[in-house]
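What follows is each chain in one-letter form.
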Amino acid sequence: MRGYGLIDSPKVKSAPGKTLDLKAVAAPNRAAAAQYYPAIYWYSMVKVPEANLFPGTGPAGNGMSQAMPDQALWLRYLKTDGCISCHQLGDKATRTIPQQLGHFDTGSAAWERRIQSGQASENMVNAIGRFDTQRALSAFGDWTDRVAKGELPKADPARPQGKERNLVVTEWDWSTPQTYLHDEIATDRRNPTLNAHGIIYGSPEESSDFIPWLDPVDNKAGLIKSEFRDPKTPTTKSDPIFNESPYWGNEAIWDSHTSIHNPMLDEKGRLWVTARIRPAANPAFCKEGSKHPSAAVFPLGRSGRQAELYDPKTQKLTTIDLCFGTHHLQFDKDGILWFSGSAGNQAVGWFDMKKFDSTHDEQASQGWSPFIIDTNANGKRDIGWTEPNQPVAPGKDKRVNTGFYGVAPNPADGTVWGSATGFPGALVRYDPKTQLAEYYEVPFKTNRVPASAQGFSPRGMDITSDGVVWTVLASGHLASFDRRLCKGPLNGPTAADPQHCAEGWRLYQMPGPEFDNLPKGTVGASAEAPYYNWVDQFDTLGLGKNIPIATGNQSDSLDALVDGKFFVMRVPYPMGYFAKGMDGRIDDASTGWKGKGLWSTYSDRAPTHIEGGKGQTSKVVHFQLRPDPLAK
């Protein structure tokens, strides 16, 4: 028996079908109760630098780094686009300093040593470098020092309320203790009845070349070996280890050539993944001078990740070379696979699955386009556009230096939307018919909408069946953008203004506490750091169609927005549930709630941080919504 305000009741042995009579045990004090609180309650204790230190004017000025123009940018790096893009901060593993690291005179020194640990050390050192580094180390050190002295969170989590009490959560272990998972896929996102009762697949990203799978009916799990074409394809095994890990020492536990980031199923039940199959330098057909129609318009020199196709019927894996970088992927209604990539590519890419199936010609089946705004208002993409560093010119279109992070085709009109990370970041619309783009920046420090409707830095995104785009923001919001609400023209010179449709946005602050030392109403004060979101277009959970659901990465939860209020789906055990995606599947519509549900996985890059410590693996998580708590 686990609950907020309690300590765990004694463990008992049981068997399937046996009825248990567990007795709740009240916590003897608040300190004991707080050990079960989600990470966000502890992380909200971190002291954020005061607003008067921004903009930073350097050592000769106010002492803040000149790379920090705004407190909101600091908050961005403190949350979604910093450490918490990989794992929670505030869980037991991170609010304490492992003894294996040694003795330190200050908390700041302990953190400087901590982030040099293991194969992620280069990533962690780079992440802290985006701040005023010494001030950030001091803030983290002060936080863990205060926790060590017994300071507790100021806020307490609520127990599940109303329908939240009707949730059934089922978990399976998969993969290995050394590897981590980025995401999973259970069905075709366009048809949630596909692959009913079938295999769940995962993406191991930087940790392994082996794709994990789970059979949730027979409770079996295993691994599929991915492939790469070029023996010179780099591997994460050679990533630098600046210092020993408190868990794995100097052991290189990650060994991934393919860097599989995201999985997707097609209507045949085949698995598509974004994967690295070669070094980054592109082949000749991608580059300037190529006869490929996309290369003739916008040649590309590098691609950090490409794609693979696995057919479970034949157990055959096919590598696919692509000119554009890949990250997330999603099919449209016509079988075109759309990819997000990196801002460095500055292009949107696609792959015609049906054409490839009939021709097996990977070069002819792919295409890409730069992001061109119709600033001359003639309704078509014109060669000879102005570049991002040039002003709008009469009679010319305008190229935007951007790229998709998340990607989602719009079922309503065939356009493709993506999130553009950054500060304040944006949503981008691409129309395959006109080959034109539209760019809609998140409202931030603008008088066009109230301060309460402002935020910053999107990451994941998805879309409803009628074309409303939903994204999560580093400011701690789940946000929608409805293009139909725009009042001004959507092309012409004004379309180059990134905030030309601030009125199209609606922001909803996610559940959980704000940072203790920030004034109420500070934009970004929420301690939540949502990584991704998904829209339940087909009511696979039972909350309704087109319900947006965000990952509560600091809160051990998924958070659905229903009629303007959040429905929190908490995973209480083991602590450390941290999702980077989800999808919903209908296994048998005739059985009601038992035949429906959401699938997700523990996606923490450090499974050793999960409750239980070293030896823990990622888990597959299934959510079902009962009509009442005791329904069977």
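The structure we're discussing is the one just above.
Calculation rules
Residues numbered from 1 in each chain as written. Predicted model: local features only at pLDDT ≥ 70, side-chain atom pairs only at ≥ 80, totals over all residues. Heavy atoms only, no water. Axes fitted to C-alpha atoms, helices over the stretch in contact; angles between N-to-C directions. Helix = DSSP H or I, 4+ residues; strand = E, 2+ residues; numbered from the N terminus. Parallel < 35°, antiparallel > 145°, perpendicular 65-115°, else oblique. Left-handed = near helix turned anticlockwise from the far one by under 90°. Contact = heavy atoms within 4.5 Å. Nonpolar A, V, L, I, M, F, W, Y, C, P; charged D, E, K, R; others polar. Buried < 20%, exposed > 50% of the residue type's maximum accessible area, 1.4 Å probe, protein only. Pairing = 2+ DSSP bridges. Disulfide = S-S within 2.5 Å. Salt bridge = Lys/Arg side-chain N within 4 Å of Asp/Glu carboxyl O.

1. A closer look at the packing of helix 5 (residues 107–114) against helix 7 (residues 133–148)
Think of two packed helices as two axes; the pair is described by the angle between the axes and how far apart they sit. Look at helix 5 against helix 7: their axes get within 7 Å of each other, and the N-to-C directions meet at 110°. Put simply, helix 5 runs roughly perpendicular to helix 7. Classified by chirality, the crossing of helix 7 by helix 5 is right-handed. From helix 5, Gly 107, Ser 108, Trp 111 and Glu 112 reach across to helix 7, where they touch Leu 137, Ser 138, Phe 140, Gly 141, Trp 143, Thr 144 and Asp 145. Residues that form the contact of helix 5 with helix 7 fall into these classes: four nonpolar, five polar and two charged.

2. Concerning the pairing of strand 32 (residues 619–625)
With respect to burial, strand 32 is a largely interior element, seven of its seven residues being buried. Of the two faces of strand 32, both are covered, the one formed by Lys 619, Val 621, Phe 623 and Leu 625 as well as the one formed by Val 620, His 622 and Gln 624. Relative to strand 32, strand 3 (residues 167–173) is paired through seven bridges, and the arrangement is antiparallel. Opposite Glu 171, over in strand 32, you have Val 621 as the bridge partner. Pairing analysis gives four bridges linking strand 31 (residues 596–601) to strand 32, with the strands arranged antiparallel. Residue pairing for strand 32: Trp 599 is matched across the bridge by His 622.

3. A few points about the state of the cysteines
Under the defined criterion, the tally for this structure stands at two disulfides. One disulfide in the model links Cys 286 with Cys 323; its S-S distance is 2.0 Å. Disulfide Cys 286 to Cys 323: torsion about the S-S bond roughly -75°, handedness left-handed. Placement of the pair is Cys 286 in the loop between strand 9 (271–275) and helix 8 (293–297) and Cys 323 in the loop between strand 11 (316–320) and strand 12 (329–331), with a sequence separation of 37 residues. Classification of Cys 323 by relative accessible area gives buried; the value is 0%. Across the disulfide, Cys 486 is cross-linked to Cys 501 (sulfur-sulfur distance 2.1 Å).

4. As for the pattern of salt bridges
Evaluation of the coordinates by the stated rule reveals 30 salt bridges. For Arg 459, the salt bridge identified is with Asp 81, shortest N-O distance 2.6 Å. Residue Arg 459 is located in strand 22 (residues 458–463), and its partner Asp 81 is located in the loop between helix 3 (71–78) and helix 4 (92–95); the two are separated by 378 residues in the primary sequence. Linked through salt bridges whose partners overlap, the residues forming this network are Asp 266, Lys 268, Arg 270 and Asp 357.

5. Quick word on helix 5
With six of eight residues buried, helix 5 lies mostly within the body of the structure. Burial in helix 5 covers these residues: Gly 107, Ser 108, Ala 110, Trp 111, Arg 113 and Arg 114. The elements touched by buried residues of helix 5 are helix 4, helix 6 (121–128) and helix 7.

6. Structural notes on the sheet that holds strand 4 (residues 183–185)
The strand order across the open sheet built from four strands is 4-5-6-7, with neighbouring strands paired in antiparallel fashion. Two strands lie at the open edges of the sheet, namely strand 4 and strand 7 (220–225), each paired on one side alone. Each neighbouring strand pair of the sheet contributes to a mean axis angle of 25°, computed without reference to strand direction.

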